[in-house]
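Each chain, written out:
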Amino acid sequence: MAKKLKKVDVVVVGSGWAGGVVSAELAKAGYQVVTLERGKKQDRQDYIGVKDELRYTDRYEMMQNLSPETITSRVKIEDTALPVRTRAEMMAGTDLGGGSVHWAGATYRWRAIDFELRSKTIERYGKEKIPEGMTIQDWGITYDEMEPYYDKWEKTAGISGEPDPLGDKRSSDYPNPPMLASPAVKLFKETTERMGYHPFQVAAGNLSQAYTNPDGEKLNACMFCSYCTMYGCDFTAKSDPLATVIPTARKTGNCEIRTNSLVRRVLHKDGKATGVMFTDTRTGIEYEQPADVVVLGAFSFTNNRLLMLSEIGTQYDPATRKGTIGRNFNGQFNITFLGARGFFENKKFNLYMGAGALGGTLSDFAGDNFDHSNVDFINGGGIEMRQYGDGAISTNHVPSGTPKWGPEFKKNSIHYANRSLVAWYTPAVMSWWHNYVDLDPTYKDEYGDPLLRITNRYTDHDRNMAKFGIEKCSEIMKEMGADIIDEDEVPEEFDHIYSGGHYAGGIIMGADPETSAVNNYLQMWEMDNLFVVGGSAFPQFGGHHPTSTIGALAYRAAEGVEKYLKEGGQLAEAKQETLNA
């Protein structure tokens, strides 16, 4: 029997941007908070000396161990799903701060149309523009309502950037100026501006200058060391929960953070959450943590699986297209981030200097910034050219057709070491009735609980959007002066590689309880005192990176939890909507 602990106001599952923001905000408001993190304790000093490419980039030190628990994957409903067993095939961050510690730092607000995609598409192009089977929907919240939460998160994180010339209205500038542009980034921006586009510097969680955020947390200026993506930052120059919201939560004296605590169930009775059951992964001892409010602020897969294992909500059934838990699985991976790599004979760049979000970008082909009347897809995406900083082991770009070994390979490896740049498209990802998550009937974790099963297949819509993006990136590379351009290939079908960590949906937001699991405060329609925060709430994926939207939603949810603790009940009015799928 689980050992019962003292009841608190709020128990939060997860310590990344989602769980971390909620923990900090509620602790600051004076509530007693317990935050549970499945991974081990990490501090800033743990990342001193981590500039080890073999350990972090190639062996995925900061990613979840998939031996005791993973996902299973299939393409079609009639297929048998099989476990994904290597961290090269599925990346989910672990340890204190979660995946928010190893992120690159690229920061974008999602566009106004992203939050009202279905209604605005119909308004502009007619209902027939939405293909049969596509299950996009409005979020139940508008960009204008989200804007204050974006602003708050950007100030907490100390984002360095300049406004998107084609972006939506902002209430204030980024708190820090953009990072310095390298010669490669300048070439991208000058070229695309000459082409008539509207380039700007990628907004970055890598700080351009020393900064103290509104909570008093101090961050340093980035040193362009190249070790951002897949790494923790020992300079405290990349904003993450370890540098911001976690210390803020701790110093209130109201938040206890327990690591090595794997939450396995949400406990509930008579329609109310009563707490969570977790296992100490070091001792195997089970605990019950009672609370007035439960917040799931973990990774998308974890949020989905916990609700399913806890038998909360109605599981989505693709046969009937009814049910909300597990619906609309989506995300940027595999067929996304495709583009074109250019090789230059007469230009050299210092590519071993960089930062995760150092880059130029444009949004001329994002959202509804261009006319979709003559294209066979909905929404769009950004085009980026990033200078992450090359690594000595894994970075070895040579033109296609070069042998994989031998004298020519060596010659080209040396010649093109500082002569290749890549531009890619970051497309929005639409949701479909056949892409969803549920519990696998066969495979279980080390505790005997079913694994999460992903069913995901591509459509012509996905492939058309990818081809469009590759074409635009190739045009840009040509104008930048590349002598050789290698275009990415569009895969015909999903190959079960979950690259990049941008997996979302399953517990989606909306105004209608028939088609959404949570309201616009991330509060469960079916359980008033249970909030589910993170990428799991995305009904479909926007055409840019997701981190700032997750951070903004976390501030929205924290406000909702506080409101619920004072007033109780549902915080949003349910509305009935009609979908065509």
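As shown above, the structure is provided for reference.
Residues numbered from 1 in each chain as written. Predicted model: local features only at pLDDT ≥ 70, side-chain atom pairs only at ≥ 80, totals over all residues. Heavy atoms only, no water.

Student: Sorry if this is basic, but what is going on with the environment of Trp-17 here?
Tutor: Within the secondary structure, Trp-17 is located in helix α1 (residues 17-28). Under the relative-accessibility criterion, Trp-17 is labelled buried at 2%. Here the alpha-carbon distance between Trp-17 and Lys-3, two residues 14 residues apart in the chain, equals 29 Å. Those residues in contact with Trp-17 that lie beyond four places of it in its chain are Ser-100, Trp-103, Trp-153, Ala-157, Ser-239, Asp-240, Pro-241, Thr-244, Val-245, Thr-547 and Ala-554. (Helix = DSSP H or I, 4+ residues; strand = E, 2+ residues; numbered from the N terminus. Buried < 20%, exposed > 50% of the residue type's maximum accessible area, 1.4 Å probe, protein only. Contact = heavy atoms within 4.5 Å.)

Student: Can you help me understand the environment of Thr-94 in this one?
Tutor: With respect to the helices, strands and loops of the structure, Thr-94 is situated in the loop between β5 (82-83) and β6 (106-107). In this structure the C-alpha to C-alpha distance between Thr-94 and Asn-65, which are 29 residues apart in sequence, comes to 8.4 Å.

Student: Teacher, can you tell me more about the sheet that holds strand β19 (residues 420-427) here?
Tutor: To summarise the sheet geometry, strands pair through backbone hydrogen bonds and adopt either a parallel or an antiparallel arrangement. With respect to topology, 6 strands assemble into an open sheet ordered β7-β17-β18-β19-β16-β22, the strand pairing being antiparallel. Either end of the sheet is taken by a strand with one partner, and the two such strands are β7 (200-201) and β22 (484-487). In this structure, strand β18 (residues 381-386) lies alongside β19, joined through 4 bridges in antiparallel fashion. For Gly-381, the partnering residue across the bridge sits in β19 and is Pro-427. (Pairing = 2+ DSSP bridges.)

Student: I would appreciate a short explanation of the packing of helix α5 (residues 143-157) against helix α11 (residues 547-567) in the present structure.
Tutor: Two numbers describe a pair of packed helices, the interaxial angle and the distance between the axes. Packing of α5 against α11 brings their axes to within 8 Å, and their N-to-C directions diverge by 110 degrees. It follows that α5 is roughly perpendicular to α11 by the angle criterion. Taking contact as the criterion, the partners of Met-146, Tyr-149, Tyr-150, Lys-152, Trp-153 and Thr-156 in α5 are, on α11, Thr-547, Ser-548, Thr-549, Gly-551, Ala-552, Leu-553, Tyr-555, Arg-556 and Glu-559. The residue inventory of the contact of α5 with α11, partitioned by class, reads 7 nonpolar, 5 polar and 3 charged. (Axes fitted to C-alpha atoms, helices over the stretch in contact; angles between N-to-C directions. Parallel < 35°, antiparallel > 145°, perpendicular 65-115°, else oblique. Nonpolar A, V, L, I, M, F, W, Y, C, P; charged D, E, K, R; others polar.)

Student: Can you walk me through the sheet that holds β5 in this structure?
Tutor: Within the open sheet, the 4 strands sit side by side as β5-β4-β21-β20. Their pairing is mixed. Sheet topology places β5 and β20 (436-444) at the edges, where each strand pairs with a single neighbour. Where strand β4 (residues 71-74) lies against β5, 2 bridges are found, and the strand directions are antiparallel. Each residue of the ladder has a partner; that of Ser-73, found in β5, is Leu-82.

Student: Please explain the pattern of salt bridges as it appears in this structure.
Tutor: Two side chains carrying opposite charge are able to pair once their charged atoms lie near each other. A full pass over the atoms with the stated rule returns 31 salt bridges. Between Lys-28 and Asp-215 there is a salt bridge, with its nearest N and O atoms 2.8 Å apart. Here Asp-215 lies in the loop between β9 (211-212) and β10 (218-219) and Lys-28 lies in helix α1, a separation of 187 residues in the sequence. By relative accessible area, which is 39% here, Lys-28 ends up partly exposed. (Salt bridge = Lys/Arg side-chain N within 4 Å of Asp/Glu carboxyl O.)

Student: Got a minute to help me understand a negative patch on the surface in this structure?
Tutor: The grouping of Glu-471, Glu-475, Glu-479, Glu-487, Asp-488 and Glu-489 at the surface amounts to a negative patch. With 3 residues, helix α10 (residues 460-480) is the single largest residue contributor to the negative patch. Relative to the assigned elements, Glu-489 resides in the loop between β22 and β23 (502-506). Using a relative accessible area of 71% as the deciding quantity, one classes Glu-489 as exposed. (Patch = residues over 30% accessible without salt bridge, like charges linked within 9 Å, V, L, I, M, F, W, Y side chains within 5 Å. Areas by Shrake-Rupley, 256 points an atom, 1.4 Å probe, with all protein chains shown as cover. Lys, Arg positive; Asp, Glu negative; His and termini not counted. Charge placed at Lys NZ, Arg CZ, Asp CG, Glu CD.)

Student: Sorry, what's going on with the packing of aromatic side chains here?
Tutor: Working definition: an aromatic ring pair is given by the centre-to-centre distance plus the angle between the planes. Enumeration according to the criterion identifies 38 aromatic pairs in this entry. Their ring planes at 85 degrees and their centres at 6.0 Å tell us that Trp-110 and Trp-139 sit as a pair that is edge-to-face. Linking Trp-110 in the loop between β6 and α3 (112-115) with Trp-139 in the loop between α4 (117-125) and α5, this pair joins segments that are 29 residues apart in sequence. What makes Trp-110 buried here is its relative accessible area of 0%. Owing to a relative accessible area of 0%, Trp-139 belongs among the buried residues under this scheme. The interplanar angle of 55 degrees and the centroid separation of 6.3 Å between the aromatic rings of Phe-370 and Phe-377 together place this pair among those described as tilted. Phe-370 sits in the buried class, given a relative accessible area of 11%. (Phe/Tyr/Trp six-rings, centres within 6.5 Å; stacked < 30°, edge-to-face > 60°.)

Student: So what exactly am I meant to see when it comes to the side chain of Thr-279 here?
Tutor: Inspection of the secondary structure puts Thr-279 in strand β13 (residues 272-280). Within the structure, the side chain of Thr-279 is placed 3.1 Å from the side chain of Arg-264, a separation counted as a polar contact. Sequence-distant contacts of Thr-279, that is, excluding residues within four places in its chain, are made with Asn-260, Ser-261, Leu-262, Arg-264, Gly-284, Ile-285, Glu-286 and Tyr-447. (Polar contact = N/O pair within 3.5 Å; in protein donor to acceptor, adjacent residues only side chain to side chain.)

Student: Would you explain α4 in this entry?
Tutor: In an α-helix, one full turn covers 3.6 residues, which means residues spaced three or four apart are oriented alike. Within the span of α4, buried status applies to Leu-117, Arg-118, Thr-121 and Tyr-125. Looking down the long axis of α4, one finds its buried residues gathered within 95 degrees of arc, a one-sided arrangement. Those residues of α4 that are buried lie in contact with α3. Remark: Gly-126 follows α4 within two positions and exhibits a positive phi of approximately 95 degrees. (Arc of directions from axis to C-beta.)

In short, the description is geometric, and any link to function would need to be established separately.
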